[in-house]
Amino acid sequence: MNQKYYNCAGNSHLRVMLRKLLRTFYHRSKTEESKKRYSFLQNFDPKHKISQKINKKKSYTIAFLLPGLPAYSGGITGIFRLGTYLSDFGHTVTYIDCSNSPVAESKNNARINFESYKGNIVTLDSIQEVFDIGICTLWDTAYILKQYDQTFGYKMYFIQDFEPSFYSLGDLYFLCRRTYEFGFHMISLGAWNAQKIRDNFANVTVDTIEFPIETKVYEVANREIKIDKKLDLAIFIKLEPKRAPDLIPQCLILLNKEMQKRGIDLNCWIFGTDISLGMPFVKSVGMLKHDKLQELYRKCQIGIVASYTNISYVTFEMMASGLPVIEFKDGSAPSFFKSEELILVDTSPQDFCAQINYYIDHQDLLNKVVQNGQQAIQNRTWEASAKVFNAVIDSLK
């Protein structure tokens, strides 16, 4: 046999064996992770009907059930903001970490997310008291809340997204979907989630609070956007389908070619994850605290956010900071804003580039988008939304 051919064949065989080994290791690792993460299903009784009890009083002991307490999480930060305002309204608030991570680590992450949070952090394994109200915050915590029925008098579900859409059609999709039928009192962050649930389930009631922004952190900033020889984009991206991690790189490759034709230097600043897109004009700044995010927004001229499920807090933060924001038409953004308040584009690199080219040529309209957007969010504060949430609690019988 030809020695050269033999070596190539041998190398090819080795690569196949390595791929098989890596796949085996990956799937074994995922299986172990899955067994641990979804172990709550072992103790779940699907036939159990929850009880709803509330002893009417001025203030309650309220527990938020969290799937974990990671740092730099918009969803977790939102829960801490809501819990802090409920604490200010006189309730005793506890955050229960259902992942049972070390409390010291969780408290540190909580301070990264929202430094001035109020309330106590405990692990699920450590709870001994009975709470007046338990509030689940992600679909897997809904199973835990139902399992711990006797630990919580009244059960609520704070819904920040239509979570079945996170999964392909399979086990997790249906496990997630089932939680909307558990009988909890559901409160949606924004009307989009609530409508998705009503579209999928008959005879359900979903209260809503408006999608807010913390104006004490992201003050509405008056600024004029000018694009001449340089275009800086602030891009929120994560390795999740709802954040368009496959579409956005293609949009940026085409945009860079378009900007080169115009003699404009394109600089893209991606945040929200530590990924690198491997393009010289794209810089990853990772996960940033609020003050660093504000600095990034101020140095850029356009913000990019993909909200293919419920809209992101980042969209509101960018708008408050004086950035015109690009969102995709196929997502939830049209349910929250008019086309005069942000830039809506098709799910295609071509329309993405066409809209940016248009607004570079019509910068008076670009600045009008900024003004309209800021007018649309000026009364959407966390305090106002928390007051509505508290009013729902006050109305419980």
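Conventions adopted
- Residues numbered from 1 in each chain as written.
- Predicted model: local features only at pLDDT ≥ 70, side-chain atom pairs only at ≥ 80, totals over all residues.
- Heavy atoms only, no water.
- Axes fitted to C-alpha atoms, helices over the stretch in contact; angles between N-to-C directions.
- Helix = DSSP H or I, 4+ residues; strand = E, 2+ residues; numbered from the N terminus.
- Parallel < 35°, antiparallel > 145°, perpendicular 65-115°, else oblique.
- Left-handed = near helix turned anticlockwise from the far one by under 90°.
- Contact = heavy atoms within 4.5 Å.
- Nonpolar A, V, L, I, M, F, W, Y, C, P; charged D, E, K, R; others polar.
- Core = buried A, V, L, I, M, F, W, Y, C linked by side-chain atoms within 4.5 Å.
- Buried < 20%, exposed > 50% of the residue type's maximum accessible area, 1.4 Å probe, protein only.
- Pairing = 2+ DSSP bridges.
- Salt bridge = Lys/Arg side-chain N within 4 Å of Asp/Glu carboxyl O.
- Arc of directions from axis to C-beta.
- Phe/Tyr/Trp six-rings, centres within 6.5 Å; stacked < 30°, edge-to-face > 60°.
- Lys NZ or Arg CZ within 6 Å of the ring centre and 35° of its normal.

Participant: Quick rundown of the packing of helix 7 (residues 247-262) against helix 11 (residues 349-361)? Include the residues and the values.
Facilitator: Relative orientation of the contacting elements helix 7 and helix 11 amounts to 40 degrees, with a least axis distance of 8 Å. Between helix 7 and helix 11, the angle falls in the class oblique. Helix 7 and helix 11 meet at a crossing whose hand is right-handed. Contact residues: L247, Q250, C251, L252, L254, L255, E258, M259 and R262 in helix 7; P349, Q350, F352, C353, I356, N357, I360 and D361 in helix 11. Looking at side-chain class alone, the contact of helix 7 with helix 11 contains eleven nonpolar, three polar and three charged residues.

Participant: Which residues make up the nonpolar core, and what are the values?
Facilitator: Here is a general trend for soluble globular proteins: nonpolar side chains tend to be buried in one another's company. One finds F64 and I133 to be the most contacted residues of the largest nonpolar core, which totals 92 residues. Discounting residues that sit within four places of it in the chain, I133 has contacts with I54, Y60, T61, I62, A63, F152, Y154, M156, I393 and L396. Membership of the second largest hydrophobic core comes to 37 residues, among which are L231, L247, L255 and F352.

Participant: How would you sum up the sheet that holds strand 6 (residues 185-189)? Please name residues and give values.
Facilitator: The strand order across the open sheet built from seven strands is 3-2-1-4-5-6-7, with neighbouring strands paired in parallel fashion. The open sheet has two free edges, formed respectively by strand 3 (120-123) and strand 7 (206-209), since each of these has just one partner strand. Neighbour-to-neighbour, the strand axes of the sheet open up by a mean angle of 30 degrees, direction not taken into account. Relative to strand 6, strand 5 (residues 152-159) runs parallel, the two sharing four bridges. Residue pairing across strands places I159 opposite S188, the latter belonging to strand 6.

Participant: If you had to explain the pattern of salt bridges to someone new, which residues and values would you point to?
Facilitator: The final tally for this structure, using the stated rule, is 13 salt bridges. In this structure, the salt-bridge partner of D232 is K230, at a minimum N-O distance of 3.6 Å. Using a relative accessible area of 43% as the deciding quantity, one classes K230 as partly exposed. By sharing partners, the salt bridges in this structure join D161, E240 and K242 into a single network.

Participant: So what's going on with helix 5 (residues 171-178)? Residues and values would help.
Facilitator: Listed as buried for helix 5 are L172, Y173 and C176. The arc enclosing the buried residues of helix 5, seen along the axis, measures out at 105 degrees, which places them on a common side. Contact partners of the buried residues in helix 5: helix 4 (139-147).

Participant: Describe the pairing of strand 6, naming the residues involved and giving the relevant values.
Facilitator: Within a regular strand, side chains alternate between the sheet's two faces. When you tally the buried positions in strand 6, you get five out of five residues, the bulk of the element. A two-sided burial pattern is seen for strand 6, the buried positions comprising H185, I187 and L189 on one face and M186 and S188 on the other.

Participant: An account of the packing of aromatic side chains is requested, with residue identities and associated values reported.
Facilitator: Across all of its chains, the model carries 33 aromatic pairs by this definition. Where F64 meets Y95, the ring centres are 6.0 Å apart and the plane angle is 20 degrees; that geometry is what we call stacked. Of this pair, F64 sits in strand 1 (residues 61-66) while Y95 sits in strand 2 (residues 92-97), and the two are 31 residues apart along the sequence. Overall, the relative accessible area of 0% leaves Y95 in the buried class. Ring centres of Y85 and F89 lie 6.4 Å apart, and the angle between their planes is 40 degrees; on these two criteria the pair is classed as tilted. Sitting above the plane of the W269 ring, K299 keeps its charged end 3.7 Å from the centroid.

Participant: How would you explain the packing of helix 9 (residues 313-320) against helix 12 (residues 363-377) if you had to name every residue and give the values?
Facilitator: Helix-helix packing: each pair is described by the crossing angle between the helix axes and the interaxial distance. Contact pair helix 9 / helix 12: the axes reach a minimum separation of 9 Å and the direction vectors enclose 120 degrees. Accordingly, the angle class assigned to the pair helix 9 and helix 12 is oblique. For the crossing formed where helix 9 meets helix 12, the hand is left-handed. Where helix 9 abuts helix 12, its residues F316, M319 and A320 lie against G373, Q374 and I377. Residue composition of the contact of helix 9 with helix 12, grouped by class: four nonpolar, two polar and no charged.

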